[in-house]
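# Architecture at a glance
Each chain, written out:
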Amino acid sequence: MSDAANTPAPDSSPSAPDSPEHSRTALVTGASSGIGEEYARRLGQRGYDLVVVARRGELLAALADEIRERYGSGVEVISADLGSPEGVMAVAERLAADGSGDLAPIDLLVNNAGRGDGGVFAEQDPAEIDAMIDLNVRAVLQLARAVLPVQTARRAAGYDGKLGVVNVSSMAGEIPANPGGSVYGAGKKFVALWSESVAAEVRKQGVHVTAVLPGFVRTDMTRGVQEQGMPAFAFVPKEHIVRDSLVAWSAGRPLVIPGAQYKTAAGILRLLPRPLVRAVARRMA
């Protein structure tokens, strides 16, 4: 699900949807595979027009054709590297559209693009650390910052449809000590805490912000743990992640943990004494 490798300058090929049948528009980052691809499919099925964003333009184009044919949705394709300032700027400009021009405003932003590099912190490449923070944290904040003022202004002007942001965080951020995944986990914890704060700020204006905390999901990013023989019960289907998060967002819930096993794990983590968790983490390091 990583979208942070160096790529050519962002290329946008819009086909702005504004038909009466598909008046709502969602923008999904990291849409070329995994959870992001599932978000795009399910939102298209629900009647949203789409703006799909990822580095791999050829995969996005194929997905866009499929969604147009299957659901009749309008689909814009933006090939951009959200690990770069140029890529973030290109997508932020699209998110800032307020409907006064040719482009439809964005009703729902799904901040899904991310990368999951790990390793012992003192041995990680500093450039790779920066790249992960750029994609997993900075891009998430900047894209939300681009769309939320437009959404609150639309609500103030009388728009009565659902508006807001879904931020894909991770259960990795809920582990108090995460050897081998310190930067990734800390970044995801930041996204979850920040999302809940922003949700409280915009709720009174009728805009919903929801952080979704998946556990293990069968995607390209978890291929390593899949090959190591992680038991099947540890994985939550991506279909469940998307369904549960969209239900939670629609209901105005600021946080959702899909999967009964991870809801239980989150409850246990909250009850365990932190010294015990740290002691276990030291043994595992």
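Calculation notes
Residues numbered from 1 in each chain as written. Predicted model: local features only at pLDDT ≥ 70, side-chain atom pairs only at ≥ 80, totals over all residues. Heavy atoms only, no water. Buried < 20%, exposed > 50% of the residue type's maximum accessible area, 1.4 Å probe, protein only. Helix = DSSP H or I, 4+ residues; strand = E, 2+ residues; numbered from the N terminus. Pairing = 2+ DSSP bridges. Right-handed = clockwise from strand over helix to strand, strands pointing away. Phe/Tyr/Trp six-rings, centres within 6.5 Å; stacked < 30°, edge-to-face > 60°. Lys NZ or Arg CZ within 6 Å of the ring centre and 35° of its normal. Lys, Arg positive; Asp, Glu negative; His and termini not counted. Salt bridge = Lys/Arg side-chain N within 4 Å of Asp/Glu carboxyl O. Polar contact = N/O pair within 3.5 Å; in protein donor to acceptor, adjacent residues only side chain to side chain. Core = buried A, V, L, I, M, F, W, Y, C linked by side-chain atoms within 4.5 Å. Contact = heavy atoms within 4.5 Å. pLDDT = per-residue confidence, 0-100. Axes fitted to C-alpha atoms, helices over the stretch in contact; angles between N-to-C directions. Parallel < 35°, antiparallel > 145°, perpendicular 65-115°, else oblique. Left-handed = near helix turned anticlockwise from the far one by under 90°. Nonpolar A, V, L, I, M, F, W, Y, C, P; charged D, E, K, R; others polar.

## Details of the pairing of strand E4 (residues 75-79)
Regular strands place their side chains on alternate faces of the sheet. Here E4 lies mainly inside the structure; five of its five residues are buried. In E4, alternate side chains face the same way, and those of Val75, Val77 and Ser79 on one face and Glu76 and Ile78 on the other are all buried. By the bridge criterion, five bridges tie strand E3 (residues 49-54) to E4 in an arrangement that is parallel. Residue pairing in the sheet places Val51 in a bridge with Glu76 of E4. Handedness of the crossover is the feature at issue here: the chain leaves E3, passes through helix H2 (residues 57-71), returns alongside E4, and the resulting connection is right-handed.

## Digging into the packing of aromatic side chains
Following the criterion strictly, the structure yields zero aromatic pairs and no others. For Arg24, the ring lying beneath its charged end belongs to Tyr48, and the centroid distance is 4.1 Å. When the ring centre of Tyr159 is taken as reference, the NZ or CZ atom of Arg154 above it lies at 4.2 Å.

## Remarks on the side chain of Asp49
Inspection of the secondary structure puts Asp49 in strand E3. Despite its burial, Asp49 pairs with no opposite charge; the closest candidate is Arg68, at 8.5 Å N-O. A distance of 2.6 Å separates a polar side-chain atom of Asp49 from the backbone nitrogen of Gly74.

## Side note on the side chain of Ser33
Mapping Ser33 onto the fold places it in the loop between strand E2 (25-29) and helix H1 (34-45). Residue class for Ser33 comes out buried when judged on its relative accessible area of 11%.

## Observations concerning the nonpolar core
A general feature of soluble globular proteins is that nonpolar side chains tend to end up buried together. Residues Leu27, Val53, Leu82, Val91, Leu95, Leu143 and Leu148 are the most contacted members of the largest nonpolar core, which totals 30 residues. Put simply, the parts of the chain that give this core at least two residues each are E3, helix H3 (85-95), helix H4 (126-156) and helix H5 (182-203). Looking at this core element by element, the count peaks at eight residues for H4. When near neighbours in sequence (up to four residues on either side) are disregarded, Leu143 contacts Thr29, Leu82, Val88, Val91, Ala92, Leu95, Leu109 and Asn111.

## Points about the confidence of the model for the protein
Within the protein, residue pLDDT values average 84, and 76% of them lie at 70 or more. Considering only residues more than four positions removed or in separate chains, one finds that residues 1-22, a stretch of pLDDT under 50, has 60 contacts.

## Some words on the environment of Asp81
Assignment of secondary structure puts Asp81 in the loop between E4 and H3. Accessibility expressed as a relative area gives 4% for Asp81, which makes it buried. Here the side chain of Asp81 touches Gly83 through a polar contact of 2.9 Å, landing on its backbone nitrogen.

## Quick look at the packing of H1 against H2
Put simply, H1 and H2 touch, their axes get as near as 10 Å, and they point 20 degrees apart. By the angle class used here, H1 and H2 are roughly parallel. The two elements H1 and H2 cross, and the hand of that crossing is right-handed. For the pair H1 and H2, contact is made by Glu37, Ala40, Arg41, Arg42, Gly44 and Gln45 and by Leu63, Glu66, Ile67 and Tyr71, respectively. Broken down by class, the residue content of the contact of H1 with H2 amounts to four nonpolar, two polar and four charged.

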